[in-house]
Amino acid sequence: MNAFSTTPIADRVCLQVNGEPAEIGARLHDTLLTVLRDQLLLTAAKRGCNQGVCGACTVSVDGVPMRACLSLAHNCESSDILTLEGLQEDARMQALQHAFAEAGAFQCGFCTAGMLVSARALLERVPEPVEADVRAALSGNLCRCTGYVKIAAAVQAAGRALAAKGVDA
Ligand code: FES
Ligand code: FES
């Protein structure tokens, strides 16, 4: 049971979420973020600005980082959604989480899940990014705490660690 269980349901949406089929009821205006957080109780993606500015809600949609607060759930029909919860066994995500912890690349942590999802997508495309690559890839993820220096260093460190382990691009 969740907070929206008594809300009128508009229609059914079928998604693949973290490798599992998910069939949910969503109103036409419900966003992917609402569905993930309030129906599926996947709360790693955060509701920050809720208007597409901060990137705290970033999840992977068919392999592309997307702002879940701007994506209508119905437009994600049949999409493959990955949230931080579904990436705990992923080698790139593990390397990133380790590097973020080592570098102290977060303070309050509110932005971190979105940062990690965006950074993982970068490492898929660019296995050993330079700082400019990282800053460009994370330009849509805002952090009000860290100043970004440690975040950029952590993403680069994760890339180097993965390359040393021979993780394929
Ligand atoms: S909560 Fe989606 S961009 Fe800020
Ligand atoms: S660590 Fe606080 S917003 Fe980024």
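Residues numbered from 1 in each chain as written. Chains lettered and ligands numbered in written order. Predicted model: local features only at pLDDT ≥ 70, side-chain atom pairs only at ≥ 80, totals over all residues. Heavy atoms only, no water.

1. Section: helix H3 (residues 112–125)
Compared with an ideal rise of 1.5 Å per residue, which puts 14 residues at 20 Å, H3 spans 20 Å between its outermost C-alpha atoms and is within 8% of the ideal. Of the positions making up H3, those classed as buried are Thr112, Ala113, Gly114, Met115, Leu116, Val117, Ser118, Ala119, Arg120, Ala121, Leu122 and Leu123. For H3, the secondary structure elements touched by its buried residues are strand E3 (58–61), strand E4 (64–67), strand E5 (80–82), helix H2 (91–103), helix H4 (131–137) and helix H5 (149–165). (Helix = DSSP H or I, 4+ residues; strand = E, 2+ residues; numbered from the N terminus. Expected span 1.5 Å × (residues − 1). Buried < 20%, exposed > 50% of the residue type's maximum accessible area, 1.4 Å probe, protein only. Contact = heavy atoms within 4.5 Å.)

2. Some points on unusual backbone geometry
The phi dihedral of Leu41 is positive, around 60 degrees, even though this residue is not glycine. Counting through the fold element by element, Leu41 comes out in the loop between helix H1 (32–39) and E3. Look at Leu41 and you get exposed, because its relative accessible area is 55%. Its identity is not glycine, yet Asn50 carries a phi of approximately 60 degrees, on the positive side.

3. Some details on the packing of H3 against H5
It is the contact of H3 with H5, at a shortest axis distance of 11 Å, that shows an interaxial angle of 45 degrees. If you check the angle between H3 and H5, you find them oblique. Helix-helix and strand crossings are classified by hand; for H3 and H5 the assignment is right-handed. For the pair H3 and H5, contact is made by Met115, Ala119, Leu122 and Leu123 and by Ile151, Val155, Ala158, Gly159 and Leu162, respectively. Considering only residue class, the contact of H3 with H5 consists of eight nonpolar, one polar and no charged. (Axes fitted to C-alpha atoms, helices over the stretch in contact; angles between N-to-C directions. Parallel < 35°, antiparallel > 145°, perpendicular 65-115°, else oblique. Left-handed = near helix turned anticlockwise from the far one by under 90°. Nonpolar A, V, L, I, M, F, W, Y, C, P; charged D, E, K, R; others polar.)

4. Considerations on the pattern of salt bridges
What the rule picks out here adds up to six salt bridges. One salt bridge in this structure joins Arg27 and Asp30, with 2.7 Å as the shortest N-O distance. Residue class for Asp30 comes out buried when judged on its relative accessible area of 6%. Between Asp90 and Arg120 there is a salt bridge, with its nearest N and O atoms 2.9 Å apart. Pair noted here: Asp90 is in the loop between E5 and H2 and Arg120 is in helix H3, with a separation of 30 residues, a long-range link. Take Arg120: its relative accessible area is 10%, and that puts it in the buried class. (Salt bridge = Lys/Arg side-chain N within 4 Å of Asp/Glu carboxyl O.)

5. Describing the environment of Arg67
Mapped onto the elements, Arg67 comes out in strand E4. When the C-alpha atoms of Arg67 and Gly52 are compared, they prove to be 6.3 Å apart, with 15 residues separating the residues in sequence. The residues contacting Arg67, other than those within four sequence positions of it, are Gly52, Val53, Gly55, Cys57 and Gly140. A distance of 2.8 Å separates a polar atom in the side chain of Arg67 from the backbone oxygen of Gly52. Polar contacts involving the side chain of Arg67 include one to the main-chain carbonyl oxygen of Gly140, which spans 2.9 Å. (Polar contact = N/O pair within 3.5 Å; in protein donor to acceptor, adjacent residues only side chain to side chain.)

6. A few points about the sheet that holds strand E1 (residues 11–17)
Spatially, five strands are ordered E2-E1-E5-E3-E4 in an open sheet, and the strand pairing comes out mixed. The open sheet has two free edges, formed respectively by strand E2 (20–26) and E4, since each of these has just one partner strand. When the angles between neighbouring strand axes are averaged without regard to direction, this sheet yields 40 degrees. Its contacts with the sheet place H1 against E1, E2, E3 and E5, and it is angled at close to 105 degrees to E2. (Pairing = 2+ DSSP bridges.)

7. Details of the packing of aromatic side chains
A complete count under the given rule lists zero aromatic pairs for this structure. Sitting over the face of the ring of Phe110, Arg144 holds its NZ or CZ atom 5.8 Å from the ring centroid. (Phe/Tyr/Trp six-rings, centres within 6.5 Å; stacked < 30°, edge-to-face > 60°. Lys NZ or Arg CZ within 6 Å of the ring centre and 35° of its normal.)

8. Quick look at the nonpolar core
Core analysis: the largest hydrophobic core is formed by 26 residues, its most contacted members being Leu96, Phe100, Met115, Leu138, Ile151 and Val155. Of all the elements in the fold, those that place two or more residues in this core are H2, H3 and H5. Split by domain, the residues of this core number at least three in each of domain 1 (11–86) and domain 2 (88–165). Ignoring sequence-local partners within four residues, the contact set of Val155 consists of Leu96, Phe100, Ala119, Leu122, Leu123, Pro129, Val134 and Leu138. Core analysis: the next-biggest nonpolar cluster, separate from the first, contains 20 residues, Val17, Ala26, Leu32 and Ala73 among them. (Core = buried A, V, L, I, M, F, W, Y, C linked by side-chain atoms within 4.5 Å. Domains from an automatic or database assignment.)

Such coordinate-based values are descriptive only and should not be taken to indicate function.
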